[in-house]
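# Coordinate inspection notes
What follows is each chain in one-letter form.
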Amino acid sequence: MKALRAMLDSVGRPFHPGGRLQRWFPLYEAMDTFFYSPAKVTATGAHVRDAMDLKRMMILVVIAAMPCVLMAIYNTGLQANLALDPAKVALLQGWRHDVIAWLGVGYSPASHLANTVHGALYFLPLYAVTMVVGIGWEVGFAVVRKLEVNEGFFVTGLLFPLICPPDTPLWQAALAISFGVVLAKEVFGGTGMNFINPALAARAFLFFAYPAGMSGDAAWTALPAGAAADGFSGATVLSQFRQLVPPGSHQDLSWWIAFGGLEPGSMGETSALACLLGAVVLVATGVGSWRTMAGVTLGTVAMATLFNAVGPASNPYYAVPFWWHMVAGGWAFATVFMATDPVTAPFSDTGRWIYGLMIGALIVLIRVVNPAYPEAVMLVILFMNVVAPLIDHALIRANARRRARRRAQT
């Protein structure tokens, strides 16, 4: 470690004030503080000392998301290999298929290696483009503002690919993450200042700018046009609910498979099990609010149970029980990683309960009442991001009024 410290100090001399590269000091500082704590410390006054800082918090979120990343890679490859017509393998073209042919892993869905390699060839390029473009914007704004580069984008850059369809064009991903970083974050001051989640804002940009590629059953399986086997639909669990009465009656629709995540969908959102493992890490470390997660769960249970009791038989979505809502679509991923974003969620404990309850209830409400758009998670959380400051404001005013009444009575 001493050698690394000496190397960083030597490389960093031109970046310090007075050096020929001092304009790019934020870039050097970002690299330096990736390995070491910042050199700046407080010298006077009373301060709270804590082992947790922004860098450690972001790293813990990244660690918590690792099960979803691994599942995204494997399941993306599995779904593509399951959908592929073996008779059309020889017709496949493109660099991914050249790599697979060079490695000789093939396209068998029974091969864990083939599934992993195929899925990685979709996830890793998307992740790389997201990180390069996003960090480029972060560094650019830091240089212009003469501020340090924050670690917040490491989480945004990982979460964004996980909520995208597997074959999202790389140029579209670059545009979307630029929108999310610049217009949803940097224009408001950067990390900690944004009032909506940048990853979700980027995903919403894709949804509204390129709706044809972000909706429909074909979007959720990474497969070239014309390569699918006959009879393949690629329908997600939410899509299948439209035709099933009662829900889950189809022999191929298994709750346990949906819970594990072996189904089509956005790359990192399909596995409730992987999200549950991430939730354990976030709650155990205190990074994610268990109150928010519990609130989303209770809101989902309450609204789904209400619809189960009063819903007409003409709409099969009314009969979907809450345990299916929790494993379908992006419910689990949003509950664990999006709703718990400490910047865009309420700051008070009571506010987190209210925030979570409203998210859970609205997800079910939109899924049931508007089955033409069954996946409402993204827009619900963006809407609640906007409402979160109002929740905090109302609670603060209510507390102020209670204190004023107590003072008046004494």
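The rules behind each value
Residues numbered from 1 in each chain as written. Predicted model: local features only at pLDDT ≥ 70, side-chain atom pairs only at ≥ 80, totals over all residues. Heavy atoms only, no water. Helix = DSSP H or I, 4+ residues; strand = E, 2+ residues; numbered from the N terminus. Contact = heavy atoms within 4.5 Å. Areas by Shrake-Rupley, 256 points an atom, 1.4 Å probe, with all protein chains shown as cover. Expected span 1.5 Å × (residues − 1). Buried < 20%, exposed > 50% of the residue type's maximum accessible area, 1.4 Å probe, protein only. Axes fitted to C-alpha atoms, helices over the stretch in contact; angles between N-to-C directions. Parallel < 35°, antiparallel > 145°, perpendicular 65-115°, else oblique. Left-handed = near helix turned anticlockwise from the far one by under 90°. Patch = residues over 30% accessible without salt bridge, like charges linked within 9 Å, V, L, I, M, F, W, Y side chains within 5 Å. Salt bridge = Lys/Arg side-chain N within 4 Å of Asp/Glu carboxyl O. Nonpolar A, V, L, I, M, F, W, Y, C, P; charged D, E, K, R; others polar. Polar contact = N/O pair within 3.5 Å; in protein donor to acceptor, adjacent residues only side chain to side chain. Phe/Tyr/Trp six-rings, centres within 6.5 Å; stacked < 30°, edge-to-face > 60°. Lys NZ or Arg CZ within 6 Å of the ring centre and 35° of its normal.

### A short note on the overall build of the protein chain
Scanning the protein chain from terminus to terminus reveals 17 helices and 0 strands. Counting contacts in the protein chain only where the partners sit at least 6 residues apart, residues at least 24 apart contribute 73% of the total. Per element, the accessible surface of the protein chain, about 20,100 Å² overall, is 67% carbon and sulfur.

### Describing helix 16 (residues 349–369)
The terminal C-alpha atoms of helix 16 lie 30 Å apart, and with 21 residues this matches the ideal 30 Å at 1.5 Å per residue to within 8%. Inspection of helix 16 places Gly 351, Tyr 355, Gly 356, Ile 359, Gly 360, Ala 361, Ile 363, Val 364, Arg 367 and Val 368 among the buried residues, and these make up the whole buried set. Structurally, helix 16 contributes buried residues whose contacts are with helix 10 (237–240), helix 13 (290–310), helix 14 (322–325), helix 15 (331–338) and helix 17 (377–409).

### Concerning the packing of helix 8 (residues 198–209) against helix 17
In contact at an axis separation of 10 Å, helix 8 and helix 17 are set at 130° when each is read in the N-to-C sense. Compared by their axis directions, helix 8 and helix 17 come out oblique. Crossing of helix 8 against helix 17: the hand is left-handed. Contact with helix 8, carried on its side by Leu 200, Ala 201, Arg 203, Ala 204, Phe 207 and Phe 208, involves Met 378, Leu 379, Ile 381 and Leu 382 of helix 17 and no other residues of that element.

### Points about a nonpolar patch on the surface
Together, Leu 183, Val 187, Phe 188, Met 193, Phe 195 and Val 386 line one region of the surface with nonpolar side chains, adding up to about 550 Å² of accessible area. Structurally, Val 187 can be placed in the loop between helix 7 (170–184) and helix 8.

### Describing the packing of helix 13 against helix 16
Where helix 13 meets helix 16, the closest approach of the two axes is 6 Å, and the angle between their N-to-C directions is 35°. Relative to helix 16, helix 13 is oriented so that their crossing is right-handed. Here the residues of the contact of helix 13 with helix 16 sort into 16 nonpolar, 6 polar and 3 charged.

### Here's the deal with the pattern of salt bridges
Considering all chains together, one arrives at 4 salt bridges under this definition. A salt bridge links Glu 138 to Lys 185, with the nearest nitrogen and oxygen atoms 2.6 Å apart. With Glu 138 in helix 5 (residues 112–145) and Lys 185 in the loop between helix 7 and helix 8, this residue pair connects regions lying 47 residues apart in the sequence. Accessibility assignment for this pair places Glu 138 and Lys 185 in one class, buried. We note a salt bridge from Asp 349 to Arg 291, for which the minimum N-O separation is 3.7 Å. Taken together, the residues span a long stretch of sequence, with Asp 349 in helix 16 and Arg 291 in helix 13 at a distance of 58 residues. A relative accessible area of 24% means that Arg 291 is categorised as partly exposed. Here the salt bridges do not stand alone but share partners, grouping Arg 291, Asp 349 and Arg 352 into one network.

### With respect to the side chain of Ser 289
Considering the arrangement of structural elements, one finds Ser 289 in the loop between helix 12 (272–285) and helix 13. Under the relative-accessibility criterion, Ser 289 is labelled buried at 14%. Engagement of the side chain of Ser 289 in a polar contact is seen with the backbone nitrogen of Thr 292, the distance being 3.3 Å. In this view, Ser 289 contacts Thr 340 and Arg 352; residues no more than four positions away in its chain are not counted.

### Brief notes about helix 7
Along an α-helix, a turn takes 3.6 residues, which lines up residues three or four apart on a common side. An ideal rise of 1.5 Å per residue puts 21 Å on 15 residues; helix 7 measures up with 20 Å between its terminal C-alpha atoms. Burial in helix 7 covers these residues: Gln 172, Ala 173, Ala 174, Ala 176, Ile 177, Ser 178, Gly 180, Val 181, Val 182 and Ala 184.

### Observations regarding the side chain of Asn 81
By secondary structure assignment, the location of Asn 81 is in helix 3 (residues 54–83). Within the structure, the side chain of Asn 81 is placed 2.8 Å from the side chain of Asn 115, a separation counted as a polar contact. Contacts of Asn 81, omitting those with residues within four sequence positions, involve Tyr 107, Ser 108, Pro 109, Ala 114, Asn 115 and His 118.

### What to know about the environment of Ser 348
Within the secondary structure, Ser 348 is located in the loop between helix 15 and helix 16. Ser 348 gets classed as partly exposed once you look at its relative accessible area, which sits at 24%. Along the primary structure Ser 348 and Leu 395 are separated by 47 residues, whereas in three dimensions their C-alpha atoms are 8.2 Å apart. Non-local contacts of Ser 348, meaning those with residues more than four positions away in its chain, are made with Asp 392 and Leu 395. There is a polar contact of 3.4 Å between the side chain of Ser 348 and the side chain of Asp 392.

### Some points on the packing of aromatic side chains
As enumerated under the stated definition, the model contains 14 aromatic pairs in all. With centroids separated by 5.6 Å and ring planes inclined at 85°, the aromatic side chains of Trp 290 and Trp 353 adopt a geometry described as edge-to-face. With Trp 290 in helix 13 and Trp 353 in helix 16, the pair connects residues that are 63 residues apart, well separated along the chain. A ring pair is formed by Phe 307 and Tyr 318, whose centres lie 5.2 Å apart and whose planes are at 85°; its orientation type is edge-to-face. On the criterion of sequence distance, the pair formed by Phe 307 in helix 13 and Tyr 318 in the loop between helix 13 and helix 14 is long-range, its members being 11 residues apart. Judged by its relative accessible area of 10%, Phe 307 is buried. Owing to a relative accessible area of 18%, Tyr 318 belongs among the buried residues under this scheme. Every member of this aromatic cluster is reached through a ring pair, and the members are Trp 171, Phe 179, Phe 205 and Tyr 210. Between Arg 96 and the ring centre of Tyr 122, over which it is positioned, the NZ or CZ distance is 4.0 Å.

Take it as geometry only, folks, not as evidence of what the structure does.
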